[in-house]
Amino acid sequence: MTVSLSLYEDCISPTSPLNWPAAVRGIYVRRGQIRLASGGATTDMAQGQCRLFTQSLSLSGDGEIWTFELSAQTVASLSKQADARLILSHDIELDATKPLVMRCDHVAFPPSIETPKHGHKAAGIRRLVTGRLIAEIGNESRRIDAGEAWFESGHDPVVGRSIAPDSAFVRALVLPVRLHGKPTFIAWDAAAAAQPRGTTRTEFFDTVVQL
């Protein structure tokens, strides 16, 4: 079975509110102030905040949001109507009929830090909020600038190097329920296990969801 994880970007202004049907979404406020109405409750969110929503939503305010959306559909079968909002979408091999865990967090890099070579027990999408990184993923090495997004399967070795001040990304992972509340980081070898990670991780949510 397969699910898909997609990252979308939307700008909201006082004259352009949004209305969305129910879905599993992690919403990160990149800038501004956003008000979200869902299930009879209203939530105000400011820059740097991220929360999970599963019901239909009405969004208003003034700002920019990045939305990580989990779907039981594959990338190939997702609606093309969202293409103008899309930043990145990827299939993940997990059973959409079973409960899953969606986890969103923020990872910050001190200046000139290099992470130990590592993998993860879960796949997910990252997007750089500020700064600049060099990412070695499997056999690829690339520069990542603020605003760029990338996918990590968890199975390929990864090394991240900060090459600009205040480098940080937001991340959404999709996990099987057995990993609820548990770390996903896997040091690649004994040498990597002996190295400090160097980064600072702030968890937004880690929640069991049903598609």
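What describes a pair of aromatic rings is the distance from one ring centre to the other and the angle between the planes of the rings. This model, assessed by the stated rule, comprises four aromatic pairs. Relative to Phe169, the ring of Trp150 has its centre 5.4 Å away and its plane inclined at 75 degrees; by these criteria the two rings are edge-to-face. Taken as a pair, Trp150 in strand β13 (residues 149-152) and Phe169 in strand β15 (residues 167-176) lie far apart in primary sequence, 19 residues in all. By relative accessible area, Phe169 is classed as buried at 7%. Grouped by ring-pair contacts, the aromatic residues Tyr28, Trp66 and Phe204 constitute a single cluster. Above the plane of the ring of Trp66 lies Arg127, whose end atom (NZ or CZ) is 4.0 Å from the centre.

Moving on, we come to the nonpolar core. Membership of the largest hydrophobic core comes to 25 residues, with the highest contact counts inside it found for Leu5, Phe68, Leu70, Ile92 and Met102. Counting residues per element, the ones that place at least two in this core are β1 (3-12), β3 (24-38), β6 (57-71), β8 (100-109), β10 (123-130), β13, β15 and β17 (200-209). If near-sequence neighbours (up to four positions away) are discounted, Met102 is found in contact with Leu5, Val24, Gly26, Leu52, Phe68, Leu70, Ala172, Leu173, Phe205, Asp206, Thr207 and Val209. Core analysis: the second largest hydrophobic core is formed by twelve residues, Ile12, Trp20, Val29 and Leu57 among them.

Let us look at the sheet that holds β15. An order of β13-β10-β15-β8-β17 is seen for the five strands of this open sheet, with the pairing classed as antiparallel. Each edge of the open sheet carries a strand with a single partner, namely β13 and β17. Across the sheet, the mean angle separating the axes of adjacent strands is 20 degrees when strand polarity is ignored. Summarising the sheet, β8 and β17 pair through nine bridges and their orientation is antiparallel. Across the sheet, residue Ala108 finds its bridge partner in β17, namely Thr200.

Time to look at the side chain of His120. Turning to its location among the elements, His120 is positioned in strand β9 (residues 118-120). A polar side-chain atom of His120 sits 2.8 Å from a polar atom in the side chain of Thr184. Among residues more than four places away in sequence, those in contact with His120 are Arg126, Glu152, Gly154, Arg171, Thr184, Phe185 and Ile186.

Evaluated as defined, the whole model comprises 15 salt bridges. For Arg161, the salt bridge identified is with Glu114, shortest N-O distance 3.8 Å. One end of the pair, Arg161, is in strand β14 (residues 158-162); the other, Glu114, is in the loop between β8 and β9, and 47 residues separate them in sequence. A relative accessible area of 24% means that Arg161 is categorised as partly exposed. In this structure Glu114 comes out as partly exposed when scored by relative accessible area, which is 39%. For Asp145, the salt bridge identified is with Arg143, shortest N-O distance 3.0 Å. By relative accessible area, Asp145 is classed as buried at 18%.

Right, let's talk about the pairing of strand β12 (residues 140-145) for a bit. In terms of strand pairing, strand β11 (residues 132-137) meets β12 through six bridges, oriented antiparallel. Its bridge partner being in β12, Ile137 is matched across the sheet by Glu140. Hairpin connection between β11 and β12: a loop of two residues separates the two successive antiparallel strands, and Gly138 in this loop has a positive phi of roughly 60 degrees.

Cut-offs applied
- Residues numbered from 1 in each chain as written.
- Predicted model: local features only at pLDDT ≥ 70, side-chain atom pairs only at ≥ 80, totals over all residues.
- Heavy atoms only, no water.
- Phe/Tyr/Trp six-rings, centres within 6.5 Å; stacked < 30°, edge-to-face > 60°.
- Helix = DSSP H or I, 4+ residues; strand = E, 2+ residues; numbered from the N terminus.
- Buried < 20%, exposed > 50% of the residue type's maximum accessible area, 1.4 Å probe, protein only.
- Lys NZ or Arg CZ within 6 Å of the ring centre and 35° of its normal.
- Core = buried A, V, L, I, M, F, W, Y, C linked by side-chain atoms within 4.5 Å.
- Contact = heavy atoms within 4.5 Å.
- Pairing = 2+ DSSP bridges.
- Axes fitted to C-alpha atoms, helices over the stretch in contact; angles between N-to-C directions.
- Polar contact = N/O pair within 3.5 Å; in protein donor to acceptor, adjacent residues only side chain to side chain.
- Salt bridge = Lys/Arg side-chain N within 4 Å of Asp/Glu carboxyl O.

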